[in-house]
Amino acid sequence: MDLKEFTITHAKKHPWEVARLKALRKILDPVMFEGITALDVGCGDGFISGNIFNRLTSKEVTAVDINLTDELICELNNRAGGMNYCREMPEKGPYDLILLLDVIEHVEADRKFLTDIVDRYAPRDGKVMITVPAFQSLFGRHDAFLGHYRRYNLKELVALTAMCGLKVLSSGYLFSSLLLPKLVLYKLLNIGKESDGVGNWDRGKVITRAVGTVFDSDNSLLISASRLGIKIPGLTGWVLCEKRG
């Protein structure tokens with residue numbers, strides 16, 4: 001979760017967050033291993049990093065977000081071994097895996113930012129996972145509220161990674177079921193507040209489970225299709241890359 005949407009009383013996870021975690025696990029499974037070193041840039045509230053790596057007995061994960069409070073850092077660092085949450089980027093790498101999950105859209109000079117991260121922290125053949133909000137035509141008030149400069153289609157994202165010294169291993173979209181609602185409600189009808197987001201979920205267990213099931217089925221289909229070379233559009237774009245030698 002972006003920390004702009006985080007509140008100390010936030011207890012319920014939006015089904016989008018949980019479905020996103022499950023999808024990322026599927027995508028990252030081929031590159032996960034015991035003893036991995038990882039850097040999570042823009043880790044937000046730590047939900048993804050804390051759950052992506054919790055199946056590994058041995059790991060060294062540095063998770064960074066400039067908006068982390070002292071209280072949240074203390075809470076997160078006390079949860080599990082092998083995790084280090086902080087506000088400042090580490091002095092050096094390398095890291096086997098770098099996560100940039102919904103991060104580069106926050107950076108005006110995205111090419112320079114990504115190139116610097118890759119050059120500084122990724123070894124040869126190191127892996128980089130990137131997710132972004134998809135399709136500039138859907139840019140709206142919530143993007144502005146979160147501080148986004150842009151949204152990307154997959155072609156643009158792949159081209160950006162190539163310019164930054166990365167080779168795409170796999171790519172695709174997630175959450176195709178949200179494309180039409182996003183277009184109709186937020187763009188055509190202009191319904192919804194700028195601060196609407198995953199931090200405001202307050203539905204009951206039945207609705208949460210039902211929505212989560214739809215998202216999980218949706219993402220499973222999209223990931224399977226991407227492995228066959230079929231890129232079905234969705235609200236989130238992703239690439240799993242490797243640093244070129």
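Our structure's up above, just so we're on the same page.
First, a word on what this report is: a plain description of the structure on this page. It should be emphasised that the depicted structure is a prediction, and the values quoted were computed from it without experimental measurement. (Residues numbered from 1 in each chain as written. Predicted model: local features only at pLDDT ≥ 70, side-chain atom pairs only at ≥ 80, totals over all residues. Heavy atoms only, no water.)

1. Quick word on unusual backbone geometry
At step 1: Across the junction of G93 and P94, the peptide omega takes the value 0°, indicating a cis bond.
At step 2: Residue D102 is not a glycine yet carries a positive backbone phi of 55°.
At step 3: Position of D102 relative to the elements: it lies in the loop between β4 (97-101) and α4 (110-121).
At step 4: Of note in the backbone geometry, F135 takes a positive phi value of approximately 75° without being a glycine.
At step 5: Relative to the elements of secondary structure, F135 occurs in the loop between β5 (127-133) and α5 (141-146).
At step 6: Residue classification places F135 among the partly exposed residues on the basis of a relative accessible area of 21%. (Helix = DSSP H or I, 4+ residues; strand = E, 2+ residues; numbered from the N terminus. Buried < 20%, exposed > 50% of the residue type's maximum accessible area, 1.4 Å probe, protein only.)

2. A few points about the pattern of salt bridges
At step 1: Per the stated rule, a full pass over the model turns up eleven salt bridges.
At step 2: A salt bridge links R87 to D70; the nearest nitrogen and oxygen atoms lie 2.8 Å apart. In this pair, R87 is assigned in the loop between β3 (83-86) and β4 and D70 in helix α3 (residues 70-77), connecting sequence segments 17 residues apart.
At step 3: The partner of D143 in a salt bridge is R151, and the shortest N-O contact between them spans 2.8 Å. Here D143 matches R151 in class, with each residue buried. (Salt bridge = Lys/Arg side-chain N within 4 Å of Asp/Glu carboxyl O.)

3. Re the packing of helix α1 (residues 15-28) against helix α8 (residues 205-227)
At step 1: Where α1 meets α8, the axes come as close as 9 Å, and the angle between the chain directions of the two elements is 30°. Taken together, the axes of α1 and α8 lie roughly parallel to each other. In terms of crossing hand, the pair formed by α1 and α8 is right-handed. On α8, the residues that touch P15, W16, A19, K22, A23, K26 and I27 of α1 are T208, V211, G212, F215, D216, N219, S220, I223 and R227. (Axes fitted to C-alpha atoms, helices over the stretch in contact; angles between N-to-C directions. Parallel < 35°, antiparallel > 145°, perpendicular 65-115°, else oblique. Left-handed = near helix turned anticlockwise from the far one by under 90°. Contact = heavy atoms within 4.5 Å.)

4. Structural notes on the sheet that holds β5
At step 1: Strand order in the open sheet formed by seven strands is β3-β2-β1-β4-β5-β7-β6, and the pairing between neighbours is mixed. Each edge of the sheet is formed by a strand with only one pairing partner; in this case those strands are β3 and β6 (166-174). Averaged over all adjacent pairs, the angle separating strand axes in this sheet is 15°, with direction ignored.
At step 2: Bridge count for strand β1 (residues 36-41) against strand β2 (residues 59-64) is six bridges, and the pairing is parallel. The partner of L39 across the bridge, within β2, is T62. (Pairing = 2+ DSSP bridges.)

5. As for the packing of α4 against helix α6 (residues 154-163)
At step 1: Relative orientation of the contacting elements α4 and α6 amounts to 50°, with a least axis distance of 9 Å. On the basis of their axis angle, the class for α4 and α6 is oblique. Read as a crossing pair, α4 and α6 show a hand that is right-handed. Listed contacts from α6 to D110, R111, L114 and T115 of α4 are L160, T161 and M163.

6. Quick look at the environment of Q136
At step 1: Topologically, Q136 is positioned in the loop between β5 and α5.
At step 2: By relative accessible area, Q136 is classed as partly exposed at 41%.
At step 3: C-alpha of Q136 to C-alpha of N153: the two residues are 17 residues apart in sequence and 7.5 Å apart in space.
At step 4: Contacts of Q136, omitting those with residues within four sequence positions, involve R150 and R151.

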